[in-house]
Amino acid sequence: TANVRGLASGEGEDAVPDGERLPVIPRDLGSCELYPQMLKHNCNGRFVAVCGDGEFIIYTSQALRNKAFGQALDFVWSGTGTGDYAIRESISCVKIFSNFKESK
């Protein structure tokens, strides 16, 4: 990924002609240690969950910073958009999280 917001908005001598290549320096996003099988955004779009191989990782959607991770067979976001979510750890164990902490 790269930030091109400021590159194309220059004026005068700093303006980039249409069709010209932009000098972009990509960011390294690191590596993913699971095979992603599902990608889910929460309803307000602030977070994204990557699920696969019996695990999940929650990232912020803008900067892709790691917020939470763990073991889960299934993952579901809350419909309220607050960042609350639930995971199914096993056939008979479901855990609910509020503000990235397990709630009882």
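Residues numbered from 1 in each chain as written. Predicted model: local features only at pLDDT ≥ 70, side-chain atom pairs only at ≥ 80, totals over all residues. Heavy atoms only, no water.

Draft legend 1. Spatial organisation of the pairing of strand β1 (residues 38–41). When β1 meets strand β2 (residues 47–52), the two strands line up antiparallel, connected through four bridges. What sits directly across from K40, in β2, is A49. (Pairing = 2+ DSSP bridges. Helix = DSSP H or I, 4+ residues; strand = E, 2+ residues; numbered from the N terminus.)

Draft legend 2. Spatial organisation of the sheet that holds β1. Judged by pairing direction, the sheet is antiparallel, and its four strands sit side by side in the order β1-β2-β3-β4 without closing on themselves. The open sheet terminates on both sides in strands that have one partner only, identified here as β1 and β4 (66–71). Geometrically, the sheet is characterised by an average inter-axis angle of 15° between neighbouring strands, direction not taken into account. In this structure, strand β3 (residues 55–60) lies alongside β4, joined through five bridges in antiparallel fashion. Along β4, the bridge assignment pairs E55 with Q71. (Axes fitted to C-alpha atoms, helices over the stretch in contact; angles between N-to-C directions.)

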